[in-house]
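Architecture at a glance
In case you want the letters, here they are:
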Amino acid sequence: MEPTLVSNNKNKSSNGSGNFDFEKIISWFEDVSNNTGSVQTEILSNILKQNNGVEYLKKWLGGYNILEMEACALESLFTSLVPIASHADFEPFIQRISDGDTAPLLTRQPITTLSLSSGTTDGRQKFVPFTRHSAQTTLQIFTLSAAYRSRVYPIREGGRVLEFIYGSNCFKTKGNLTVGTATTHCYASEEFKTKNHKAKSFSCSPQEVIFNGDYKQSTYCHLLLGLFYSDQVEFITSAFVYTMVQAFTTFEEHWRELCNDIKNGTLSSRIKSPKLRDAILEIINSKNGPNTNLASKLEGYCEELEKVDWFGLIPKIWPNAKYMYSIMTGSMIPYLKKLRHYGNGLPMISADYGSTESWIGVNVDPSLDPEQVTFAVVPTFSYFEFIPLHRNKQDSCDDFFEDKPIPLSKVIVGQHYEIVLTTFTGLYRCRLGDVVEVAGFHNGTPKLNFVCRRKLILTVNIDKNTEKDLQLVVERGSQILNKSKAEIVDFTSNADVKNQPGHYVIYWEIKGEVEDNVLDDCCREMDLSFADHGYVVSRKTNSIGPLELCILERGTFKKILDSFIASGVALNQFKTPRCTNNHVLLKILDTCTIKRFHSTAYSSIN
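Residues numbered from 1 in each chain as written. Predicted model: local features only at pLDDT ≥ 70, side-chain atom pairs only at ≥ 80, totals over all residues. Heavy atoms only, no water.

Quick look at the nonpolar core now. Judged by nonpolar contacts, the single largest core of 72 residues is most densely connected at Phe248, Trp318 and Leu339. Counting residues per element, this core draws most heavily on helix H11 (residues 241–264), at eleven residues. Dropping the residues within four chain positions of it, tryptophan 318 is found in contact with Leu162, Gly226, Leu227, Ser230, Val233, Ile236 and Phe248. (Core = buried A, V, L, I, M, F, W, Y, C linked by side-chain atoms within 4.5 Å. Buried < 20%, exposed > 50% of the residue type's maximum accessible area, 1.4 Å probe, protein only. Helix = DSSP H or I, 4+ residues; strand = E, 2+ residues; numbered from the N terminus. Contact = heavy atoms within 4.5 Å.)

As structure tokens, then:
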């Protein structure tokens, strides 16, 4: 049995049959979050009985009559016999499915679709099973999140949503399975097609824009239709906040052309697809032709905004927008400053917590700033376990030592954990790789604060620095940069061990003119800001060399984005890797480096 939310029949803020009843949805979550232990036990029982006898589980559970067991006994048996796994343990089974093996390897439900992870960090993409359950839980997280947002920021029935969303091109495997990003599968699902109708809010962009395949053409059309419906837009959203910032950067570059299209009822020659052109022209000419009054108003706004470096762009152009909504945690935090610049106080709501493997938690406190957001685990989506993590001794090069996994109902506030998932889509006790902290509880379900990815991203010797450590260091350096009226457009890093001693390299693309002595200061400040004991000791003994700051030519990160898009990554899915060993990315970074600075910190010691 797959988990369900509630029957949708009447929405107090949107009348009509089949609409979302947000208060009933919240009532449902209040009930399941008050009974997480029993709900989780039942969810695991459902997963295992649905998939009784699949090849992966036979080794450990093959001798037991799963179908006749009580849920509690089955939970105890499963967690004592089935080992903790990584994605690599499932890859041989997924490969057989990809090649056309129809035997029940991971699930008894047919798998006809595979999701593709981004692979932006190390260049290696992985397949994850995608089923109808995946689309259903996406609709569920959408409705649950919308219910909590509607309490704080109610929107008008019939309003528009400016969605910067993008489907990627799909391909077929040897076994004729469809492969694409998880978001692409969701956007193509029946659940996604009906969600706006049920919620009584409608996207500015038709499917032709979302699935065009060329993200530059799609972004232009998203913006054009956003302008066309500018007075009707209730909120602005994207999968990741990076995508939203990219879109408004594009707006800065092309606003004159966009306004001209509104004025004349035309469409830029940069839009090549006949199907896309027809869809857009039909919309912008649907109200008695060109809208010269709207175009003139928008042009006036843009001329004013250009003089103040586009500060307050969003509320100026979209005056009825209630908030901006996107994933804003983890590696997205560095983009918040730019979005706040565009938003000028417009509320920013962090979207919910999930992965390619499963949705995990919902933001039940939408009024909180993204830096303070937590996610209440939805106990019906998967069976969740948590590996307690403890910092190892300072002289160890491992990042954590672990206790035995515990169930969702046994976690404690303040403790760090790695999440382990057993899913309806065929993953059993699979490590997710995310480190989270339990910040509190919503009834009986934990509220998680995302900390970082488990994998250490910067390490040369005994040093150990996570993505969060790097972000804090870059923030310290950027404070010096900002005093010169310049800003970081984007950044990444690499632990260079080709030469001895190995050292950290941080790459910055910056906007504005900066003197070399200021960049020297930024480099030194970042080197001193790594607080990890192993790094400090290694720098003092010169077993790690001086930090290197590389300044990139403008547009470098767009080249990186284009490179990943060309390899099949969707814009919706792309995240700038904060540390990389990807040789393609490193080649672009090295080719585009225009200045290099080496830290003088610790030089008197060395």
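Averaged over the chain, the pLDDT score is 85; the fraction of residues at 70 or greater is 91%. The element-level mean pLDDT for the chain is lowest in helix H8 (residues 190–199), coming to 68, with helix H14 (residues 313–317) highest at 96. With pLDDT under 50 throughout, residues 1–18 is counted as low confidence; its partners more than four residues away or in other chains account for 49 contacts. In the model, residues 394–398 has pLDDT below 50 throughout and makes nine contacts with residues more than four positions away in sequence or in other chains. (pLDDT = per-residue confidence, 0-100.)

Summed over all chains, the structure comprises 26 salt bridges. Across the pair arginine 429 and glutamate 385 runs a salt bridge whose closest N-O atoms are separated by 2.7 Å. You can see arginine 429 sitting in the loop between strand E16 (416–422) and strand E17 (430–442) and its partner glutamate 385 sitting in strand E13 (residues 383–391), a full 44 residues away along the chain. In this structure, the salt-bridge partner of arginine 596 is glutamate 548, at a minimum N-O distance of 2.8 Å. Of this pair, arginine 596 sits in strand E22 (residues 593–598) while glutamate 548 is found in strand E21 (residues 548–552), placing the two residues 48 residues apart along the sequence. Here glutamate 548 falls in the buried class, since its relative accessible area comes to 7%. One connected set of salt bridges, linked through shared partners, spans Glu55, Arg96 and Asp101. (Salt bridge = Lys/Arg side-chain N within 4 Å of Asp/Glu carboxyl O.)

With that settled, consider the sheet that holds strand E19 (residues 487–496). What the four strands build is an open sheet, ordered E19-E20-E21-E22; its pairing is mixed. Since the sheet does not close on itself, it has two edges, and those belong to E19 and E22, each with one partner. Ignoring which end each strand starts from, the neighbouring axes of this sheet average 20° apart. Here strand E20 (residues 503–511) pairs with E21 via five bridges, running parallel. The residue of E21 that forms the bridge with glutamate 509 is leucine 552. (Pairing = 2+ DSSP bridges. Axes fitted to C-alpha atoms, helices over the stretch in contact; angles between N-to-C directions.)

The topology assignment puts cysteine 221 in helix H10 (residues 215–228). Here cysteine 221 falls in the buried class, since its relative accessible area comes to 0%. In sequence terms cysteine 221 and proline 206 are 15 residues apart; their C-alpha atoms lie 9.8 Å from each other. Among all residues touching cysteine 221, those that are not within four sequence positions of it are Val209, Ile271, Leu276 and Ile280.

Judged by pairing direction, the sheet is parallel, and its five strands sit side by side in the order E6-E3-E7-E8-E9 without closing on themselves. Every other strand in the sheet has two partners, leaving strand E6 (202–203) and strand E9 (348–350) as the edge strands with one partner each. Here strand E3 (residues 160–164) runs beside strand E7 (residues 233–240); their pairing, made up of five bridges, is parallel. Residue leucine 162 lies in a different strand from E7, and its bridge partner there is isoleucine 236.

Another aspect to go through is the packing of H10 against H11. Here H10 crosses H11 at 60°, and the two axes come no closer than 9 Å. By the angle between their axes, H10 is oblique relative to H11. You can see that H10 and H11 cross each other, and the crossing is right-handed. Where H10 approaches H11, its residues Thr219, Tyr220, Leu223, Leu224, Leu227 and Phe228 are matched on the opposing element by Ala247, Thr250, Phe251, His254, Glu257, Leu258, Asp261 and Ile262. Taken together, the residues of the contact of H10 with H11 break down into nine nonpolar, three polar and two charged. (Parallel < 35°, antiparallel > 145°, perpendicular 65-115°, else oblique. Left-handed = near helix turned anticlockwise from the far one by under 90°. Nonpolar A, V, L, I, M, F, W, Y, C, P; charged D, E, K, R; others polar.)

Turning next to the pairing of E19. Among the ten residues that make up E19, eight are buried, leaving the element largely enclosed by the rest of the structure. Pairing of E19 with E20 involves nine bridges; the strand directions are antiparallel. The residue bridging alanine 495 from the neighbouring strand is tyrosine 504, located in E20. Remark: six residues form the turn of the hairpin made by E19 and E20, two consecutive strands paired antiparallel.

Two elements, E16 and E17, share five bridges in a ladder whose sense is antiparallel. Along E17, the bridge assignment pairs valine 420 with arginine 431. Relative to strand E18 (residues 445–453), E17 is paired through eight bridges, and the arrangement is antiparallel. Its bridge partner being in E18, valine 435 is matched across the sheet by cysteine 452. Once E17 ends, the chain turns through two residues before running back antiparallel as E18, passing asparagine 443 with a positive phi of about 55°.

A separate point is unusual backbone geometry. One can expect most non-glycine residues to show negative phi and most peptide bonds to be in trans. For aspartate 309, which is not glycine, the phi torsion reads 55° and is therefore positive. A positive phi is found at asparagine 443, a non-glycine position, where the angle reads about 55°. For asparagine 443, the position within the fold is in the loop between E17 and E18.

For the rest of this paragraph, the subject is the packing of aromatic side chains. Applying the stated criterion to the full structure yields 22 aromatic pairs. Here phenylalanine 530 and tyrosine 535 contribute two aromatic rings whose centre-to-centre distance is 4.9 Å and whose plane-to-plane angle is 50°, an arrangement assigned as tilted. Like phenylalanine 530, the residue tyrosine 535 is buried in the burial classification. Ring pairing ties together the aromatic residues Phe164, Phe248, Phe251, Trp255, Trp310, Trp318 and Tyr342, which thus form one cluster. Lying over the aromatic face of phenylalanine 235, arginine 149 brings its terminal NZ or CZ to 5.5 Å of the ring centre. When the ring centre of phenylalanine 491 is taken as reference, the NZ or CZ atom of arginine 578 above it lies at 4.3 Å. (Phe/Tyr/Trp six-rings, centres within 6.5 Å; stacked < 30°, edge-to-face > 60°. Lys NZ or Arg CZ within 6 Å of the ring centre and 35° of its normal.)

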